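# Observations on the model geometry
Spelled out from the first residue to the last, the chains are:
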Amino acid sequence: MEETEKLKLIEEIMGEINSVSSSDELLAYLIDKCIEATGALTGSVMIISPETQILEVKAFRGLEKKKIVMTALKVGQGVTGMVAKTGKSQLVNDASKTKKYVRIGKNLKSELAVPLKIGDKTIGVISVDSQKLGAFDMGHVEIMETISVFIAQILQRLYLIEELNNKIKRQNLLVKVATILEEQNNLEKMFASIMDTISTTFNIKRGMLVLLDEDDQLKVTASHNLSQEAVERGVYQVGEGIIGRVYKSGQAIFIKNIAESKEFLNRMKIRRSHTERNSFFAVPIRYENKTVGVFSLEKEYHSESDYDNTSELMVLVAAIISNRIYNHVIAAREKTRLVKENLELKEKLTEKEPDSLFIGKNRRIAEILHLADQIADTDVTVLITGETGTGKEVLAQYIHRQSIRSQNPFVSINCAAIPENLLESELFGFKKGSFTGAISDKKGKFQLADQGTIFLDEIGDLDFSLQAKILRVLQEKQIEPIGSEKSIKIDVRVIAATNKNLKNLVSEKKFREDLYYRLNVIRIELPELKDRQDDIPLFIEHFISQYRARYKKNISGTTPRFNQILYNHNWPGNIRELQNVIERAILLSKNSILDEALLPEELVKQIGLQPEETLKESVIQEISRLAPGGIYDSIMERVEKYLIEHALILHNNKKTEAADYLGLHRNSLYQKLKSMP
């Protein structure tokens, strides 16, 4: 190929590859152009699997797929494998004289292989072959090496884009799964809808939900793309095969290629082609530290990243559906006894740890819990923001308990409650003799939280000098106690919280910008209680259960007036204020029903006026805070929001009943809910 032709080809490639939208499309285009540039007969692009060190064929031309599947080259094996190992191109113009040549096509006599590199790292190999002797020369080497440099750069960008797209697809899928759980009560229909959703997004082959029956056998309760005969054959003992082992251990098992696995029983006798490379994913469905079932699916293996993404997705879906599966198991096996035991255990738990449960069915809270579940098993730093009393520490505890660190310490410290001169020693500890009164070594909060989680409450009140030391902990995973000359390595997950606007504090030079970005990796903003009115009944029930057990009071219910006052209060002190009101009412109660006489006078006065007068007063107050021109729309929007929230509370979040109550068509209510902030 002449120099001008080379330049023209490179220019053409550069123009085309920037418009390519996927890595598969890019690699297919790449091999076509390499064959065109070299006059080769066949060609392939292979990417190195980091785990197996096998060269996985991602695109090929002129070769049989069966032959490619059967010929899995490892790094260092054959001409292609040596290029992958050394990172240097190889030119073979007479295959009969090269011992390392691995023939994957008929009458092939010449091969040219060049590495695909990102920086100094070889990620794959481009190889072309010919039936002619001496088919390739150094000019071909040069053009293919030039093409590979451009392609590697674009490929890296596409991998990042694909990874981001996969995260978005996974996020959307989890939202759809949560919606299915809300709308579908039947377990089999629920599972079928979830599997259809997953299959549409990730192209799975088959899946199943396995639960323990009354005879202590694991049987398929719901399935996707499995025949009735296969389902009937799918019976396992606890500890038997992959399904049985997952149930027994409570640990997920992922198999990259079931054809190579001795553990895969194929109890269902499903026929698979010898050329198929299918992965199997089995995850436990766990609720309250108990395994209640196994969720599994089978999917064609595409790549390492796809395999990892599917593994993570399975764990997340299992976590989301765990509550529903648990409830199904209770209903099927000794429902009355287990429900009673569960309630008794929860009562004891709330008596010992009153703030241990994160409560809420509000849509925003559901989104927060989904996000918390997703990030729980990572070490990513979390920043929780929200007004005082919204439950920031409770959410931090929830994230800790959902994580792999749950068996290790959760250590909390309020940065605003401790004087500045004492806070450093509280956080990092001190050595004996480091200051007056230091009569012995003392571990700081970070060291006490090693292998666990530290919760830094009111981080916005932290002294500027201490902010630098917190930043060092986040960056270097080390602390230095006061008076010590040695650093101590720690493994701590950091969750911080504040009711202040840290971004404003950064602008005012009161908070370090670098620390802000270190903390703000995942930010969760908790809504005020007035913005999650549909959760108020849950909190009332929870706090009554908690305090009647603590104070040994026989409280069986509340009056409608009592509830009305609590629903209509603005709750400036948020959940903590509501908790205090319920505790006070139970302490003062003399009978089994809580009524308005037990509530603080200021709460009762708020709705002491006649309904018409109260409404008029509220509207006038609201108008005084609004700018002219948008008053009507703003007031009507808020009234509509309160109407809908109240109707949903009255009917336990059942949308059809709430629509009938309001005199709306169900679709109209759904539309309004979607448009509500």
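Residues numbered from 1 in each chain as written. Predicted model: local features only at pLDDT ≥ 70, side-chain atom pairs only at ≥ 80, totals over all residues. Heavy atoms only, no water.

### Here's the deal with the confidence of the model for the chain
Note that predicted coordinates carrying low pLDDT should not be read in detail. The test is simple: Each residue gets a pLDDT score, which is the predictor's confidence in that residue and runs from 0 to 100. Between two residues, a contact is recorded if the distance between any of their heavy atoms is within 4.5 Å.
With 90% of its residues at a pLDDT of 70 or more, the chain shows a mean pLDDT of 83. Every residue in residues 335-340 is under pLDDT 50, and counting partners more than four places away or in other chains gives 4 contacts. A low-confidence stretch, residues 345-356 (pLDDT under 50), is modelled with 20 contacts involving residues beyond four sequence positions or located in other chains.

### Details of helix 2 (residues 23-38)
Because each turn of an α-helix spans 3.6 residues, side chains separated by three or four positions end up pointing in the same direction. Inclusion rule: Going along the chain from the N terminus, every DSSP run of H or I of four or more residues is numbered as a helix, and every run of E of two or more is numbered as a strand. How far a helix is expected to stretch is found by multiplying one less than its residue total by 1.5 Å. For the exposure calls, accessible area comes from a 1.4 Å probe over protein chains only, and a residue counts as buried if that area is under 20% of its type's maximum, exposed if over 50%, partly exposed in between.
For helix 2, built from 16 residues, the straight-helix expectation of 22 Å at 1.5 Å per residue is met to within 8% by its first-to-last C-alpha distance of 22 Å. In terms of burial, helix 2 is a largely internal element, 12 of the 16 residues being buried. Along helix 2, the positions that sit buried rather than exposed are Ser-23, Leu-26, Leu-27, Ala-28, Tyr-29, Leu-30, Ile-31, Lys-33, Cys-34, Ile-35, Ala-37 and Thr-38. Backbone geometry just after helix 2 places Gly-39 at a positive phi near 70°.

### Section: the nonpolar core
Within soluble globular proteins, side chains that are nonpolar tend to cluster in buried spots. We apply this condition: Throughout, nonpolar core names a set of buried Ala, Val, Leu, Ile, Met, Phe, Trp, Tyr and Cys residues whose side chains join them through atoms within 4.5 Å.
Ranked by internal contacts, the top residues of the largest apolar core, which has 36 residues, are Ile-194, Ile-198, Phe-295, Val-317 and Ile-325. Elements with a minimum of two residues in this core: helix 5 (138-183), helix 6 (187-202), strand 6 (206-212), strand 10 (278-287), strand 11 (290-300) and helix 9 (304-332). The leading source of residues in this core is helix 9, at 12 residues. Leaving out residues up to four positions away in the same chain, Val-317 has contacts with Leu-173, Leu-174, Ile-194, Ile-198 and Phe-295.

### Section: the pattern of salt bridges
Just so we agree on the cut-off: A carboxyl oxygen of Asp or Glu within 4 Å of a side-chain nitrogen of Lys or Arg is what we treat as a salt bridge.
One pass over the full model with this rule turns up 25 salt bridges. Note that Lys-33 and Glu-36 form a salt bridge whose closest N and O atoms lie 3.0 Å from each other. With Lys-33 and Glu-36 both in helix 2, this residue pair falls 3 residues apart, about one helical turn. Given the relative accessible area of 10%, Lys-33 is considered buried. Notably, a salt bridge pairs Arg-405 with Asp-379, separated by 3.0 Å at the nearest N-O pair. In this pair, Arg-405 sits in the loop between helix 12 (392-402) and strand 13 (410-414) while Asp-379 sits in the loop between helix 11 (363-376) and strand 12 (382-385), placing the two residues 26 residues apart along the sequence. Residue class for Arg-405 comes out buried when judged on its relative accessible area of 7%. Since its relative accessible area comes to 46%, Asp-379 is described here as partly exposed. Counted as one network, the salt bridges with shared partners bring together Glu-56, Lys-58 and Arg-277.

### Some words on helix 15 (residues 464-476)
Stated precisely, the cut-off is as follows: In this description, one arc is meant: the one made by directions from the helix axis to the C-beta atoms.
Taking 1.5 Å per residue as the helical rise, helix 15 with its 13 residues ought to reach 18 Å, and the 19 Å between its terminal C-alpha atoms agrees with that figure. Of the positions making up helix 15, those classed as buried are Leu-466, Gln-467, Ile-470, Leu-471, Val-473 and Leu-474. All buried residues of helix 15 fall inside an arc of 155° around its axis, so they share one side. Those residues of helix 15 that are buried lie in contact with helix 13 (420-428), helix 14 (445-448), strand 16 (453-457), strand 17 (478-479), strand 19 (493-498) and helix 17 (513-519).

### Looking at the packing of helix 18 (residues 536-550) against helix 19 (residues 560-568)
In plain terms, the rule: Here an axis means a line fitted to C-alpha atoms, over the contact stretch when the element is a helix, while the angle between two N-to-C directions is reported on a 0 to 180 degree scale. Comment on the angle field: the value is read as roughly parallel under 35 degrees, roughly antiparallel over 145, roughly perpendicular from 65 to 115, and oblique elsewhere. Crossing handedness follows the turn of the near helix against the far one: under a right angle anticlockwise gives a left-handed crossing, and clockwise gives a right-handed one. Just so you know the grouping, Ala, Val, Leu, Ile, Met, Phe, Trp, Tyr, Cys and Pro go in nonpolar, Asp, Glu, Lys and Arg go in charged, and all remaining residues, Gly too, go in polar.
Between helix 18 and helix 19, the shortest axis-to-axis distance is 10 Å and the interhelical angle comes to 120°. On the basis of their axis angle, the class for helix 18 and helix 19 is oblique. You can see that helix 18 and helix 19 cross each other, and the crossing is right-handed. Between helix 18, through Ile-536, Pro-537 and Ile-540, and helix 19, the contact on the second element is made entirely by Asn-563, Leu-566 and Tyr-567. Taken together, the residues of the contact of helix 18 with helix 19 sort by class into 5 nonpolar, 1 polar and no charged.

### Concerning the sheet that holds strand 2 (residues 55-61)
Applicable threshold: Paired strands, in this sense, are two strands between which DSSP finds at least two bridges.
As summarised here, the arrangement of the 5 strands in space is 2-1-5-4-3, forming an open sheet in which the pairing is antiparallel. Among the strands making up the open sheet, the edge pair consists of strand 2 and strand 3 (90-92). In this sheet, adjacent strand axes meet at a mean angle of 20° when their direction is disregarded. With 3 bridges joining them, strand 3 and strand 4 (residues 110-118) adopt antiparallel strand pairing. Bridge pairing in strand 4 links Val-92 to Glu-111.

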